[in-house]
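Results of the structural survey
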There are 2 protein chains.
Amino acid sequence: MTFDPGQNELIVGTVCVCLQEAEWHCDEFTKGACFSRGKSEEECQNYIRVLLVNGNRLFTCGTNAFTPICTNRTLTNLTEIHDQISGMARCPYNPLHNSTALITSSGELYAATAMDFSGRDPAIYRSLGGLPPLRTAQYNSKWLNEPNFVSSYDIANFTYFFFRENAVEHDCGRTVFSRVGRVCKNDIGGRFLLEDTWTTFMKARLNCSRPGEIPFNYNELQGTFYLPELELLYGIFTTNVNSIAASAVCAFNLSAISHSFNGPFKYQENSRSAWLPYPNPNPDFQCGTIDSGTYVNLTERNLQDAQKFLLMHEVVQPVVPVPYFMEDNVRFSHVAVDVVQGKDTLFHIIYLATDYGTIRKVLSPLNQSTGSCLLEEIELFPPRKRQVIRSLLILHSRSELYVGVRDQVIKIPLKRCSYHKSREACVGARDPYCGWDMLLKKCTTLEESVRMSQWEQSISKCPVRNVTVDGGFGHWSSWSMCSHSDGGGSAGS
Amino acid sequence: MTFDPGQNELIVGTVCVCLQEAEWHCDEFTKGACFSRGKSEEECQNYIRVLLVNGNRLFTCGTNAFTPICTNRTLTNLTEIHDQISGMARCPYNPLHNSTALITSSGELYAATAMDFSGRDPAIYRSLGGLPPLRTAQYNSKWLNEPNFVSSYDIANFTYFFFRENAVEHDCGRTVFSRVGRVCKNDIGGRFLLEDTWTTFMKARLNCSRPGEIPFNYNELQGTFYLPELELLYGIFTTNVNSIAASAVCAFNLSAISHSFNGPFKYQENSRSAWLPYPNPNPDFQCGTIDSGTYVNLTERNLQDAQKFLLMHEVVQPVVPVPYFMEDNVRFSHVAVDVVQGKDTLFHIIYLATDYGTIRKVLSPLNQSTGSCLLEEIELFPPRKRQVIRSLLILHSRSELYVGVRDQVIKIPLKRCSYHKSREACVGARDPYCGWDMLLKKCTTLEESVRMSQWEQSISKCPVRNVTVDGGFGHWSSWSMCSHSDGGGSAGS
C-alpha cells in the first residue's frame, strides 16, 4: 500500500494488480514458463512488491510469474504506462521473498532484494537515475548472508537498509542478527577493485534484548517505522520461528546508528583468527569524495578497506536498555507510530500488528523510568475469522490507520473519543487522543475541545484493561471509483 | 535425601539436621562469625548438602553457618560420630550454591563445589581415601567458568561430573552451556607441571535442542538420572532464567559421551585466534599410566597437553535429535526415571519436578519415530499451597517416589492401578504399570495379574488428558522412630 498525497488516494497493490481499475495480469506465456519450472498456480501470479510514488508517476514492480517487471505509470491515470523495464534486482522473483525499495529525489532506485530465480543471490542494488548502477558483492556472505530485507530510508547523504541475516561474526551455532546497512548516495563504485560495486557499504548489528546477567535477545527484526523529525527509528523484533514466540519493540536514535558507523570495524583476518575490533580509517565518514587523477569522484574510502571492512564492531544500542514493549507468545509483524499532542506533552502511540490478526495500541514510555502501556487491542475480524495482516499504513494527516489483509483494506480512525460516554471512561482510557471537555461535557479530541484549560486528560498510569468495547466500526465498503478534478481514472478507496 | 538399602531407611538432611533424631546444629560461636560477615539468620544455619552412604557409615557435610564441616557417622546410629573434618572443598559455604559429591568403593571422595566463602573458587576436588588430593586449576576459566554443579557418577575408570557453566568457546555474548567433565580415578596429578592438579580433566558440551534451521537450545542442565544397566543418562535442560521459561528432556548414551572424549579437542591458540579443532594426542584414552624413571604412575597424557587441552571439539549429541520431551512456560528442576516391565516391552517412565511444585509423569518415546506421552501430572499439594520441590528420589525396589519439600517428605507409590475402576479407564490410562486382568476383572500390576496372557495393556498412543483423578493419597504421617533389629537409633520414615 502507498498513499498519493496529491490525489489524496490510497494505492493498493494486490495480486494481478487492481489500481484505479488498472489490472496487471501476467501473460499466459510467462505463466506457462513459470509452471514449467515447477512453480504452482498460486506462485505464478503477478504479486505487486514495489509501489513507489515518484512525483506524478507511480513506479511499481510485480513478481509476474517469477519474471519480475516494473512499470512507470501516470499517478492520475494508472492505466497509462510510460515505460516497462525488467524487474530483476528491483523486485523478487518469489512472492514469498522479502524486499524493500525507495526512489530518491534525484530519481535513483535503491532496491534490496533477491536477484535471481532461486533467491540465492541477494543484493542491495541501485539503478535508474543518473548514477552508475551498483550492487553489493555477489555470493559473498560477509556482505550479505541470507538476508531478509525489511525497510529502507533516504536520510541525508546515505541510504539506509534494515534487514536481518545469518550472523557471520561468531562460531556458536547458526543465529540470525538484525542489521542496519548504509551506502553513500554519491557512491560511483570502484576502479579495478570493486567495479560496479559499492565502496561505501557498511553494516552494524541492532541490539534489542531483555537485559540481565545473560541478556535475552530478540534477534530478528520484522518491521520498522521512522520518525524523520525526531530522527528516531522504531523496530519490532522477534525470536526465531523455531524458538518460543516472543516480541519486543525497541527504538533507536539515528545518532546511535551513526555512532556505530563512526567507530571501529569488526574484522577477521582469516578463518583461523578471532573477530577483533579494527580502528576505523575514516571516522565520521560523510561520503566525502576525492578528485585526483584517475580517481575522479571516488569516495574517500580506500578500496582495499572498502572490500574488507564491512561490519562495525559496536552494536547499535536502543534509546533505553529495556525494550519499550515486550510480549511473550506472540509475534509482531508490522509497526506504525503516531505522534500525538496531548494536554501536557507529545505522546508516541505504537500500533503493532500481531501474527494472529489484531492490532495492539501501545503508549510508548514517557521517559526513561516509566514503562509502556498497552492501551487496547483492536480486533479487526469477528471471532474465528481472523486473517493475516499484510501491510500497515498510517496517515498522520487524516489520523487513520490502514490495515491490508488478503482481499480488503480496513480503515481505522485513530481518534475514537466519542465512544467514551462518561468522564470516568474518557479519562480512564488514558488515551492521548482523548480528553473530557468540561464545557461540552463529552469526550473529545484536543482539536474538538472548546478550551484546553477545560479539557481533562490524565496519562500518568496504564488503563485498567479486560474491558471489551464495541469499536462501532462499519463494514468495509466495496471498491468504488474516485473522481478526479484533474481528469484521470479511479482508485480503490 | 539418600537411601540406606541395608536398613531400608530413607535418610533426609534438613536444616540443622534431624537424622534418626540426630540433630546437628551449628554452634553459637560459628553462627556469630557468620553474622559478623554480613550473612542473614537464614543463611547462618547448617544446611546438609552432602549425604553419602559409604558401607556402614554415613558421610555427611553441612554448610554450618558458612564454615562447612563433614562428619562420618554410624549408619545404624547416626548420633555416633566417628570423625569430623573440614567441609572445605567438599561442601559449599553458601547454602544456595550447587554442589555434588560421591565416594568411590576405594574410599575417595570426589566433590564439585565452590571452595571459598565468596563462591568464586569452584573446583572438582578429590580427597580422603588413599590417593593424593587433586583439584582443577584455580581461577582458570578455561577449566571451570562460573559452574553450577549438577551431578556426578563413578563409571568404570572415570568419575563424571555434570554441570553448566559460562561458555568460553565463542564471542557472541554471554551464554551458559551444559557440560560433562571427567577425570581418571587413578590420576595422581602432575610433576613440576600440574602439581596437585588433575592431568586427566576433560569436558564436553551436552547438546539438547529443538532442531531446525536455527536450532532452539535448551542450554542449562538442571538435573540428571543415570541408568547404569543401559549406560544411559537422562538430563533435564531449561532456558536461562532471564529467558522465556522452557524445558526439555534429552537422553545421552555413555558411548556418545565417550565418542566426544575420544575425538579432537577445541583449542584457542591465543585470544586473537579462533577456537579450532585439534587432533586428540591420546584417542581412546582409558587412564593408562606410564612407569618410567621419575614419572612413575603418571597417566599417559602429556602434561603440556593436559594443561591446554580441556574442551572437546565435538558436542555430545542425545540419542535422538529431538528432545524426548519438551514443554514451554515451565522449568523442570529434578528428574527420576523408572524402568517398567510392561506386557510387551520395557518402558521408561520419566518423573519431572516442575518449578511450581508438581510432578509430571512422562512415558519416554518407545522408539526413534514415536514421541513421548504426558501420562499424568501429580499435584502434591492443595490448590494455592504449592511448595518448591527440593529433592526427588526413586526407590526402584519398592516402586516408590520420594519428594522432598521444605519441611516434609512426600511418598508416592508408583503403582496405583486400583484407582482405575473400569477396563476402559485402566487400559485408556496407557500406564505401563497397569493392565486389565480379564480373570480378576480389575486393574492390576503385572505382578498382581493371574496370567500374563489374560492381562490387557495397550500403550500405542498417548492417553486422553484433562481428567482429574483423586490420587487417594493419605496425609503424611508425623516423623516417627524406626526400630532396628540390629540395635541403633531411629529415622524419619
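Residue positions within a chain follow its written sequence, with the count starting from 1. Lettering for chains starts from A, numbering for ligands starts from 1, and both go in the order in which the items are written. Restriction of local features to residues with pLDDT of at least 70 applies here, the model being predicted, together with a cutoff of 80 or more for giving and counting side-chain atom pairs; totals for whole chains, interfaces and linings are based on all residues. Excluding hydrogens and water, the side-chain values take into account all heavy atoms of the structure.

The name given to chain A in an unreviewed UniProt entry is Sema domain-containing protein, with the source organism recorded as Neogobius melanostomus. UniProt, in its Subcellular location (unreviewed entry) section for chain A, records the words "Membrane". UniProt positions are given in the numbering used here, feature names are shortened, and annotations may be inferred rather than shown by experiment.

1. Remarks on the pairing of strand β22 (residues 265-268) of chain B
Two faces make up the sheet, and in a regular strand the side chains alternate between them. Residue and element names in this part refer to chain B. Burial of the side chains of β22 extends over both faces: Phe265 and Tyr267 are buried on one face and Lys266 and Gln268 on the other. By this definition, two strands are paired if DSSP reports at least two bridges between them. Numbering goes from the N terminus for both helices and strands, where a helix is a DSSP run of H or I of at least four residues and a strand is a run of E of at least two. By the bridge criterion, 4 bridges tie β22 to strand β23 (residues 275-278) in an arrangement that is antiparallel. Looking across to β23, one finds that lysine 266 is bridged to proline 277. Connecting the antiparallel pair β22 and β23 is a turn made up of 6 residues. Sheet topology places β22 next to strand β26 (residues 311-312); 2 bridges connect them, and they run antiparallel. Opposite lysine 266, over in β26, you have leucine 311 as the bridge partner. We call a residue buried when its accessible area falls under 20% of the maximum for its residue type, exposed when it is over 50%, and partly exposed in between, using a 1.4 Å probe and counting protein chains only.

2. A few points about the sheet that holds strand β6 (residues 57-62) of chain B
Residues and elements named next belong to chain B. Taken in spatial order, the 4 strands of this open sheet run β5-β6-β7-β8, and their pairing is antiparallel. At either end of the open sheet lies a strand with only one pairing partner, and these are β5 (48-54) and β8 (77-86). Direction aside, the axes of adjacent strands within the sheet are offset by 25° on average. As paired elements, strand β7 (residues 69-74) and β8 share 6 bridges and run antiparallel to each other. The residue of β8 that forms the bridge with arginine 73 is isoleucine 81. Note on definitions: angles span 0 to 180 degrees between N-to-C directions of axes, and those axes are lines fitted to C-alpha atoms, for helices only across the stretch in contact.

3. Here we look at the sheet that holds strand β32 (residues 391-395) of chain A
Residues and elements named next belong to chain A. Read across the sheet, 3 strands follow the order β32-β33-β34 without closing on themselves; strand pairing throughout is antiparallel. The open sheet has two edge strands, β32 and β34 (409-413), and neither has a second partner. The mean angle between the axes of side-by-side strands here comes to 20°, regardless of whether they run parallel or antiparallel.

4. Some details on the pattern of salt bridges
Residue and element names in this part refer to chain A. Only one rule defines a salt bridge in this text: a Lys or Arg side-chain nitrogen within 4 Å of an Asp or Glu carboxyl oxygen. A full pass over the atoms with the stated rule returns 44 salt bridges over all chains. A salt bridge links glutamate 456 to arginine 423, with the shortest nitrogen-to-oxygen separation between them at 2.6 Å. With glutamate 456 in strand β37 (residues 455-456) and arginine 423 in helix α4 (residues 423-428), this residue pair connects regions lying 33 residues apart in the sequence.

5. Re the packing of aromatic side chains
All names here are of chain A. Any two of the Phe, Tyr and Trp rings considered here, Trp counted by its six-membered ring, make a pair once their centres fall within 6.5 Å; the pair's planes then place it as stacked at under 30 degrees, edge-to-face at over 60, or tilted in between. This structure, assessed with the given rule, holds 32 aromatic pairs over all chains. Ring centres of tyrosine 93 and phenylalanine 117 lie 6.5 Å apart, and the angle between their planes is 75°; this geometry places the pair in the edge-to-face category. Of this pair, tyrosine 93 sits in the loop between β8 (77-86) and β9 (100-103) while phenylalanine 117 sits in the loop between β10 (109-114) and β11 (122-127), and the two are 24 residues apart along the sequence. The pair tyrosine 93 / phenylalanine 117 is uniform in exposure class, with both members buried. Ring-pair connections join several aromatic residues into one group, and the members of that group are Phe265, Tyr267, Tyr278 and Phe309. Its guanidinium or amino end placed over the ring of phenylalanine 158, arginine 182 lies 3.8 Å from that ring's centre, counting from NZ or CZ. Throughout this description, the term charge over a ring refers to an Arg CZ or Lys NZ atom that lies within 6 Å of the ring centre and within 35 degrees of the ring normal.

6. Some details on a nonpolar patch on the surface
Residue and element names in this part refer to chain A. Only residues whose relative accessible area exceeds 30% and that form no salt bridge are eligible for patches; like-charged ones are grouped when within 9 Å, while nonpolar side chains (Val, Leu, Ile, Met, Phe, Trp, Tyr) are grouped when within 5 Å. The Shrake-Rupley method, run with a 1.4 Å probe, gives the accessible areas here. Residue values count only the displayed protein chains as cover. Taken together, the side chains of Leu439, Leu440 and Val450 present a nonpolar region at the surface, about 250 Å² in accessible area. Checked against the element boundaries, valine 450 lands in the loop between β36 (442-445) and β37. Judged by relative accessible area, which is 48%, valine 450 ranks as partly exposed.

7. So, the state of the cysteines
Residue and element names in this part refer to chain A. Criterion for a disulfide: a pair of cysteine sulfur atoms within 2.5 Å. Using the criterion set out here, one finds 14 disulfides over all chains in the structure. Across the disulfide, cysteine 34 is cross-linked to cysteine 44 (sulfur-sulfur distance 2.0 Å). Across the S-S bond of cysteine 34 and cysteine 44 the torsion is about -85°, and the bridge reads as left-handed. Placement of the pair is cysteine 34 in helix α1 (residues 28-36) and cysteine 44 in the loop between α1 and β5 (48-54), with a sequence separation of 10 residues.

8. Considerations on the side chain of A:Thr224
Residues and elements named next belong to chain A. Positionally, threonine 224 belongs in strand β19 (residues 220-227). Polar contact criterion, stated in full: a pair of N or O atoms within 3.5 Å, where within protein one must be able to donate a hydrogen and the other to accept it, and residues adjacent in sequence count only if both atoms are side-chain atoms. A distance of 2.6 Å separates a polar atom in the side chain of threonine 224 from a polar atom in the side chain of serine 151. At a separation of 2.6 Å, a polar atom in the side chain of threonine 224 contacts the side chain of tyrosine 153. Residue contacts follow a heavy-atom distance rule, with two residues in contact if any of their heavy atoms lie within 4.5 Å. For threonine 224, the contacting residues outside a window of four places in its chain are Val150, Ser151, Tyr153, Phe162, Leu233, Tyr234, Gly235 and Val335.

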